[in-house]
Amino acid sequence: MAIEWYVVLSSLLFATGAMGILIRRSPVVILLCLELMLNAGNLALIAFSRMVGNQEGQVFALVVMVIAACEVVVGLGLIVAIFRRRLPLDVDELRELRG
Amino acid sequence: MSATAWAWLVLLFPLLGSIACALGYRALPARAAGAIGTAAIALSFACGVGALLSLLGDEPEARHHASSLWTYASAGGLHVDLGILVDPLSVFMVLVVTGVSTLIHLYSFGYMRSDAGYHRFFSYLNFFVFSMLLLVLAGNFVILIVGWAFVGFASYALISFWYRRETATGAGMKAFVINVVGDIGLVLAAFLIFRELGSFDFEQVFHIAPEHFTTNEWTVTAICLLLLVGAFAKSAQIPFHTWLADAMEGPTPVSALIHAATMVTAGVYLIARTHILFVLSPTAADIAAFTGLATLLVAGTIALVVTDLKRAIAYSTMSQIGYMVVGVSIGAYSAGLFHFMTHSFFKALLFMAAGSIIAAMANDQNIDRMSGFGRAMRFTSAMLLVGGLALAAFPGTSGFFSKDEILAFAAERGGMYEIFVVLGYAGALLTAVYTFRLVFRILPGAPCREARELIDSGHVAHGEPVNPVTGEREDTEVGFPGPEHHIAEHSLPMKLAMGVLGVLALIGGLVQVPGVDHVIASFLDPVFHDSPLAEIHPSAGSEWVGLAIGAVISLTGIGIAYLLYMARPETPGLLQRRLRPVHTLLVNKWYFDELIDVLIVRPVLAVGRFADRTFERFVVDGLVSGTAETVRGAGGIVRVVQSGFVRSYALLLIAGFAGLALYFLVVSS
């Protein structure tokens with residue numbers, strides 16, 4: 001299969017994720033969309049790695065997965081903390097940091 | 001041991017003494033500080049004698065030793081050693097300073113006995129002697145300035161010694177500020193010397209100077225005038241003299257040591273030390289001589305009317321230093337320094353006697369209240385009389401020989417310098433009158449209450465302790481004079497110190513009698529032989545003529561004082577009424593304080609107010625708050641972006657990346 005298909009799929013996934021972040025207000029969904037974007041990146045990395053024929057892209061994909069795992073830990077931790085303090089689970093409501 | 005080794009020891013003992021008295025104030029038993037302090041200075045004097053003997057062992061031309069312990073500062077072509085210079089001049093100064101200081105320490109041992117600050121007093125006093133010795137032994141201008149500043153500080157600390165008295169702390173500050181003005185002059189002079197000659201070292205500077213400068217070149221005149229600012233501030237010459245009278249707020253031994261015998265003569269020493277520069281700038285030397293002359297007359301007239309015993313002696317000190325300044329400025333170097341020596345004997349003695357009388361008067365210093373002490377305090381009175389005779393240049397006493405030698409030299413130089421002879425003798429007449437005004441007021445007559453008590457019971461009046469100036473009550477536990485006052489009759493150390501000085505004041509002049517001997521002149525000759533003025537020697541005959549005139553004038557002055565204050569005691573009051581404007585002028589000390597107030601203090605205050613109210617408010621505040629406003633405004637703009645909407649941040653981020661990606665696509669294709 002030609003490389004284009006992979007890149008197109010990866011782009012679609014990335015765009016879906018970005019759109020999700022921009023239009024959804026639930027932190028959980030935003031976190032899911034972030035994962036989607038990261039994995040779109042992973043897909044592109046592995047596809048290019050296969051095309052070039054070495055393993056470097058795959059190694060990068062592994063690193064991205066580790067980072068994604070960390071990010072989920074922190075993000076979910078935050079969401080649980082927000083939930084426990086009975087604050088609204090809506091990023092537009094949580095705007096304490098406005099200048 | 002070499003002369004320089006002795007000189008280092010001279011410096012070491014007072015420093016050790018000062019540290020020991022300062023650190024040991026809890027550990028040392030009550031009177032130990034006095035003993036340590038006195039012993040330190042006595043040892044220093046002994047080492048000074050050692051240096052003298054070692055110096056006398058050399059050929060007269062080779063009596064010139066420099067020594068350095070270590071490098072004091074070294075940077076960018078500047079090299080300053082912690083160096084001393086041992087030559088006849090510095091050894092002479094060391095001997096007079098340590099000798100008189102030893103006796104004054106001994107006097108203080110008894111005089112300050114009841115003071116709560118006994119240890120502090122001796123620590124300061126030793127520190128002062130150390131600083132003064134550093135000043136006279138310094139081998140370059142930097143160390144000279146260090147010693148110069150140290151004595152200024154020691155003077156400040158000792159004037160303000162009774163630190164709970166506001167008059168004393170105020171006087172201390174006044175002295176310090178005026179002295180710092182002098183320090184600035186000295187420092188600027190040193191800068192100029194370094195710029196012109198590239199060295200601070202005395203030997204090098206005085207070696208290069210005659211070749212580098214032409215006579216009366218503006219730079220050398222500027223150097224000399226700046227040196228004079230320093231010298232005049234330290235030596236209380238017009239217009240820097242006002243601090244010395246106020247400095248009498250300090251304990252009497254301090255007045256004797258610092259403000260009569262040693263520190264105030266530092267200016268005389270400075271002019272003598274830098275005489276080569278003054279030879280190159282006759283203009284500056286003449287300015288110095290005329291200032292000295294003006295001071296000796298102005299201070300002499302003020303001393304005629306002052307009613308405060310110590311202040312009267314202080315004005316007499318200024319007047320006598322005027323003679324010394326005249327001497328070293330017109331070229332009568334050894335005569336000026338000879339007068340410095342005899343003056344330190346009789347003036348220290350006068351202060352000691354005054355201290356003893358003031359103690360008997362329970363700190364009251366007003367001579368109008370004193371009388372009849374001749375019978376009440378025989379020893380003190382005898383010493384006061386001896387000091388007075390020497391000060392009034394009574395024939396045969398020490399002051400008689402030294403003062404006239406300066407005037408004889410002026411007469412020998414002739415020309416313009418005849419003025420110094422005429423006015424110098426006028427000053428001598430004033431001296432005799434004001435000195436014996438004090439003597440005739442205090443000694444004879446019906447005993448005042450305090451003198452009566454002494455005669456009847458041998459007891460010293462210890463009234464309520466009060467400030468003599470303001471009359472406020474004082475707590476003797478802290479920072480005020482002690483509860484008891486000590487008079488020489490009851491204290492052996494005081495008696496001893498005064499006795500020795502009394503003998504010196506009487507016979508000290510015999511070391512240099514015209515035509516008979518000239519110990520001081522020949523000893524100091526190697527220092528001054530490079531000055532063309534040193535060639536001038538008044539003949540013994542003309543000196544004796546001068547002495548005869550001096551004797552007549554001195555006796556006339558004493559006679560006038562006798563007429564005014566003994567034979568017809570009503571005349572002074574009459575004269576006061578007749579010459580009211582003159583009297584007012586003199587009582588107000590020629591309005592020098594007011595003049596300085598108008599010319600300097602008020603303009604400086606006005607500048608300060610301008611800086612505070614206008615410059616500070618509009619310029620400085622404007623700058624500061626302008627900066628703050630700018631930052632705040634910029635922050636306001638940036639705040640708008642910080643909406644707190646996470647999704648709008650994400651949009652900005654994505655839009656930014658998209659924009660960048662587009663840009664690179666466009667650029668690459």
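For the structure itself, look to the data block above.
Only a predicted model underlies this, so the values are computations on that prediction, with no experimental measurement involved.

1. A short note on the overall build of chain A
Logical step 1: From N to C terminus, chain A includes three helices and zero strands.
Logical step 2: Reading the helices (α) and strands (β) of chain A from amino to carboxyl end gives α-α-α.
Logical step 3: For 99 residues, the compact-globule formula gives about 13 Å, and the C-alpha radius of gyration of chain A, at 17 Å, lies well above that figure.
Logical step 4: Seen along its three principal axes, the alpha-carbon backbone of chain A occupies a region of about 50 × 25 × 25 Å.
Logical step 5: Buried positions account for 12% of the 99 residues belonging to chain A.
Logical step 6: Within chain A, contacts between residues separated by at least 24 positions form 47% of all contacts whose residues are at least 6 apart in sequence.

2. Quick notes on the pairing of strand S1 (residues 65–75) of chain B
In the case of a regular strand, side chains alternate between the two sheet surfaces.
Residues and elements named next belong to chain B.
Logical step 1: Summarising burial for S1: one of the eleven residues are buried, a small minority.
Logical step 2: Here S1 pairs with strand S2 (residues 78–86) via eight bridges, running antiparallel. Among the inter-strand pairings, Ala-75 is bridged to a residue of S2, identified as Leu-78.
Logical step 3: Hairpin remark: S1 followed by S2, antiparallel, with two residues in the connecting loop; positive phi at Gly-76, about 45°.

3. Things to note about the packing of helix H15 (residues 333–360) of chain B against helix H22 (residues 519–528) of chain B
Residues and elements named next belong to chain B.
Logical step 1: Remark: H15 packs on H22, axes separated minimally by 9 Å, with the N-to-C direction vectors making an angle of 125°. The angle between the axes of H15 and H22 places the two elements in the oblique class. Two packed elements cross with a definite hand, and for H15 against H22 that hand is right-handed. Seen from H15, the contacting residues are Tyr-333, Ser-334, Leu-337 and Phe-338; seen from H22, they are Ile-520, Ala-521, Leu-524 and Phe-528.
Logical step 2: Here the residues of the contact of H15 with H22 are counted per class, giving seven nonpolar, one polar and no charged.

4. Quick look at the interface of chain A and chain B
Logical step 1: Chain A puts ten residues into the contact, and the matching count from chain B is ten residues.
Logical step 2: The class makeup of the residues in the side of chain A that touches chain B is five nonpolar, one polar and four charged.

5. Quick notes on unusual backbone geometry
Residue and element names in this part refer to chain B.
Logical step 1: Here the amide bond leading from Ile-238 into Pro-239 is cis, since omega sits at 0°, within 30 degrees of zero.
Logical step 2: Among the structural elements, Pro-239 can be located in the loop between helix H8 (218–235) and helix H9 (242–246).
Logical step 3: A positive phi angle, close to 80°, is found at Asn-363, a residue other than glycine.
Logical step 4: Within the secondary structure, Asn-363 sits in the loop between H15 and helix H16 (373–376).
Logical step 5: A positive phi is found at Tyr-591, a non-glycine position, where the angle reads about 60°.
Logical step 6: Note on placement: Tyr-591 falls in the loop between helix H25 (580–587) and helix H26 (592–641).
Logical step 7: In this structure Tyr-591 comes out as exposed when scored by C-beta crowding, with 12 C-beta atoms within 10 Å.

The rules behind the values
- Residues numbered from 1 in each chain as written.
- Chains lettered and ligands numbered in written order.
- Predicted model: local features only at pLDDT ≥ 70, side-chain atom pairs only at ≥ 80, totals over all residues.
- Helix = DSSP H or I, 4+ residues; strand = E, 2+ residues; numbered from the N terminus.
- Rg over C-alpha atoms; globule rule 2.2 N^0.38 Å.
- Buried ≥ 20, exposed ≤ 12 C-beta atoms within 10 Å, placed from the backbone.
- Contact = placed C-beta atoms within 7 Å.
- Pairing = 2+ DSSP bridges.
- Axes fitted to C-alpha atoms, helices over the stretch in contact; angles between N-to-C directions.
- Parallel < 35°, antiparallel > 145°, perpendicular 65-115°, else oblique.
- Left-handed = near helix turned anticlockwise from the far one by under 90°.
- Nonpolar A, V, L, I, M, F, W, Y, C, P; charged D, E, K, R; others polar.

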